[in-house]
Amino acid sequence: MIQILEPGLQTTVQDTGRYGHYHIGMPPAGAMDQYAHKVANLLVGNSEDAATLEMTYAGPDLAFEENAVIAVTGADMEPKLDGDDVPPWTAVQVEAGQTLSFEFAMEGVRSYLAVAGGIDVPQVMASRATYTLIGIGGHEGRALEEGDELPLGDHGDGAAMAGATVDDEYVPDYGDNDTIRVVMGLCDYRLTDEGKAEFLGTEWKVSDEADRVGCRLTGPDIEGMFEKREQPFGAGTDLTNVVDLGYPVGSIQMAGQPIILMRDAVTGGGYATVGTVISVDRGMLAQARTHRTITFEGVDVDDALAARKHQDTQLDDLRATLSP
């Protein structure tokens, strides 16, 4: 059992996500930085879809009521165990009665705490991921609060993992996420040629309203990027409106300013989506801090698949080296 002494800014239970329900409007939720989440689980001998704690900007203070093996990945929040530094991207033994605490992240946004056995909250629609907008999954469907208690699953081979670590080549540089790759479409036909060039050439700033629903950006007026037209029946009156369509995770919705739809986003609507951030870069985007500037780089589907294959190869390497 883990007791929450202080919850941090926004700490939720997450796994790899809730799939198979997009057609009824249920987004996947789950870890925003899937790579960091999976590696944390590998370090403690868990399956990659075991539930972890996702911590945003500032982590919690946690009291362990039983022995455990933990690993912290993602943004560096300077974790400390009874005041002593805990190395990130490393499996560490925790004794019953010890307290784990975190500082404010100085680079990146989200950290992940994996515990051997996983956070053993009930599954909802085959997932433990928290979806706070409707209050399901995780711990009571919400962010953690002071006094909450989290049960742990069977520790399995966790004890054997203590001391396991990840080489630097497998640790992302969260300070190097200025360029985000995007496959243009579905509605990029609504942009003029000049508008496409401006969209890809602009340094967009991450808004202080960015969250798990959407990474909201600020920059130049987007209406000037759009082709003028008489709006078709069923579309709104704004130039950025289209007749309703589905929104894949990572799609860039042009709604006043660009919003990249993240893991808790709505699944459809009537705004033009002019591109989709590739899966690998969505994790890096989730680590982009408020007021950071990003630039989009247009790539094709083959480039996106190559990037995914590279990350899959990294995970395969870690699966082989971190086997208990």
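Since we're looking at a predicted model, the values are computed, not measured.

Colleague: Outline the domain arrangement of the protein chain, supporting the account with residue identities and numerical values.
Modeller: Here the protein chain is partitioned into domain 1 (2-174) and domain 2 (179-311). Centre-to-centre, using C-alpha coordinates, domain 1 lies 29 Å away from domain 2. Contacts between the two partners involve 34 residues from domain 1 and, on the opposite side, 22 residues from domain 2. Here domain 1 packs against domain 2, burying approximately 2000 Å² in sum over the two surfaces, 50% of which is carbon and sulfur. Contact with domain 2 buries surface across domain 1, with Tyr22, Met32 and Tyr174 losing the most and accounting together for 32% of the total. Counting every contact that joins domain 1 to domain 2 gives 1 salt bridge. The salt bridge involving Glu54 is made with Arg212; its shortest N-O contact spans 2.8 Å. Here domain 1 is connected to domain 2 by 14 residue pairs in polar contact (both at pLDDT 80 or more).

Colleague: For the pattern of salt bridges, give the residues involved together with the corresponding values.
Modeller: Scanning the entire structure with this criterion turns up 14 salt bridges. With its nearest N and O atoms 2.5 Å apart, the salt bridge here joins Asp316 to Arg319. Highlighted residues: Asp316 and Arg319, both in helix α5 (residues 301-321), separated by 3 residues, approximately one helical turn. Take Arg319: its relative accessible area is 30%, and that puts it in the partly exposed class. Ionic contacts of the salt-bridge type, sharing partners, join the residues Glu54, Arg110, Arg212 and Asp264 into one network.

Colleague: Would you mind going over helix α1 (residues 34-43) in detail, with residue names and values included?
Modeller: An α-helical segment advances 3.6 residues per turn. Residues three or four places apart therefore align on the same side. Among the 10 residues in α1, 9 count as buried, and that is most of the element. Buried within α1 are the following residues: Gln34, Tyr35, Ala36, His37, Val39, Ala40, Asn41, Leu42 and Leu43. One or two positions beyond α1, positive phi appears at Gly45, with a value near 85 degrees.

Colleague: Let's hear about the pairing of strand β4 (residues 61-64): which residues, and what values?
Modeller: Where strand β1 (residues 2-6) lies against β4, 4 bridges are found, and the strand directions are antiparallel. Looking at the pairing, Gln3 lines up with Ala63 of β4.

Conventions and cut-offs
Residues numbered from 1 in each chain as written. Predicted model: local features only at pLDDT ≥ 70, side-chain atom pairs only at ≥ 80, totals over all residues. Heavy atoms only, no water. Domains from an automatic or database assignment. Contact = heavy atoms within 4.5 Å. Buried area = accessible area lost by both parts, 1.4 Å probe. Salt bridge = Lys/Arg side-chain N within 4 Å of Asp/Glu carboxyl O. Polar contact = N/O pair within 3.5 Å; in protein donor to acceptor, adjacent residues only side chain to side chain. Helix = DSSP H or I, 4+ residues; strand = E, 2+ residues; numbered from the N terminus. Buried < 20%, exposed > 50% of the residue type's maximum accessible area, 1.4 Å probe, protein only. Pairing = 2+ DSSP bridges.

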